[in-house]
Amino acid sequence: MKAKAFDPSLLGEKIREVRKKKGYTTKQAAEELNISQTYLRQIESGRCNKTPSLAIFVSICNLFHISPDYLLRDQLEENELSIIRETETLCRKASYSTQRIAAVMLKAALEELERTESGIKNAAQD
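Along each chain, the written sequence defines residue order, and numbers are assigned to residues from 1. Since the coordinates come from a predicted model, pLDDT governs what is reported: local features require at least 70, and pairs of side-chain atoms require 80 or more to be given and counted, while whole-chain, interface and lining totals use all residues. Note: side-chain values were computed over all heavy atoms of the structure, leaving out hydrogens and water.

**Concerning the packing of helix 2 (residues 26–33) against helix 3 (residues 37–45)**
Moving on, step 1. Between N-to-C directions, angles cover 0 to 180 degrees, with each direction set by a line fitted to C-alpha atoms, over the stretch in contact for helices. Secondary structure is summarised from DSSP: a helix means a run of H or I of at least four residues, a strand means a run of E of at least two, and numbering begins at the N terminus for each. Contact pair helix 2 / helix 3: the axes reach a minimum separation of 9 Å and the direction vectors enclose 105°. In terms of axis orientation, helix 2 runs roughly perpendicular to helix 3. Listed contacts from helix 3 to Thr 26, Lys 27, Ala 29, Ala 30 and Leu 33 of helix 2 are Gln 37, Leu 40 and Arg 41.
Moving on, step 2. Under the scheme applied, nonpolar residues are Ala, Val, Leu, Ile, Met, Phe, Trp, Tyr, Cys and Pro; charged residues are Asp, Glu, Lys and Arg; polar residues are all the others, including Gly. Split by residue class, the contact of helix 2 with helix 3 holds 4 nonpolar, 2 polar and 2 charged. When an angle is under 35 degrees it counts as roughly parallel; over 145 it counts as roughly antiparallel; between 65 and 115 it counts as roughly perpendicular; any other value is oblique. When checking whether two residues touch, look at their non-hydrogen atoms; a contact exists if any pair is within 4.5 Å.

**Considering the confidence of the model for the protein chain**
Moving on, step 1. Here pLDDT means the predictor's own confidence in every residue, given as a number from 0 to 100. The pLDDT averaged across the protein chain works out to 86; a share of 90% of its residues lies at or above 70.
Moving on, step 2. Considering each helix and strand of the protein chain separately, the mean pLDDT is smallest for helix 6 (residues 80–93), with a value of 78, and largest for helix 2, with 97.

**Focus: the environment of Lys 50**
Moving on, step 1. With respect to the secondary-structure elements, Lys 50 resides in the loop between helix 3 and helix 4 (54–64).
Moving on, step 2. For the pair formed by Lys 50 and Tyr 39, sequence separation is 11 residues and the distance between their alpha carbons is 8.3 Å.

**What about the packing of helix 2 against helix 4?**
Moving on, step 1. Close contact between helix 2 and helix 4 brings their axes to 10 Å; oriented N to C, the two are set at 120°. As judged from the angle between their axes, helix 2 and helix 4 are oblique. Taken as a pair, helix 2 and helix 4 cross one another with a handedness that is right-handed. In this structure, helix 2 uses Ala 29, Glu 32 and Leu 33 to contact helix 4, whose residues at the interface are Ile 56, Ser 59, Ile 60, Leu 63 and Phe 64.
Moving on, step 2. When its residues are assigned to classes, the contact of helix 2 with helix 4 shows 6 nonpolar, 1 polar and 1 charged. It is the rotation of the near helix from the far one that decides the hand of a crossing: anticlockwise by less than a right angle makes it left-handed, clockwise makes it right-handed.

And the structure:
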C-alpha cells in the first residue's frame, strides 16, 4: 500500500481557515509570526509547493493555540490516534448531557464487542 502523499494546499487551506476563525488578518498573523505577508499567502494558497519550516509551523500552532495534528489530520492516514481525535472532536461539539449518553452507549458497545470477540475465540478453540 502506497503512503498518502502530502498536499501543501490542504495544509495552507487549514491554516487560512484557522487564521480567519481566530480573527487575524494576513498582515497581523505575518507580523506575529515574523514572516512576510507574501510568504504567508504562499503557504495558505499552497502555490509553489510552499510549506512552512518546522519552526514556522510550530509558531503557527502556538499563535492560533491549535495542535499540529489539527492542521495535519487531513494529510495523515487513518490510525488509532486519528480515530481518537475524531471522537474527541465530536464529543466537544456535543452538550454535556449528549456526551454522557454517548459515553454510556460507547461503553456498552465496546463491552458487547469484547463479548462477541471472546465468543468467537472460544468457538474457534472448540
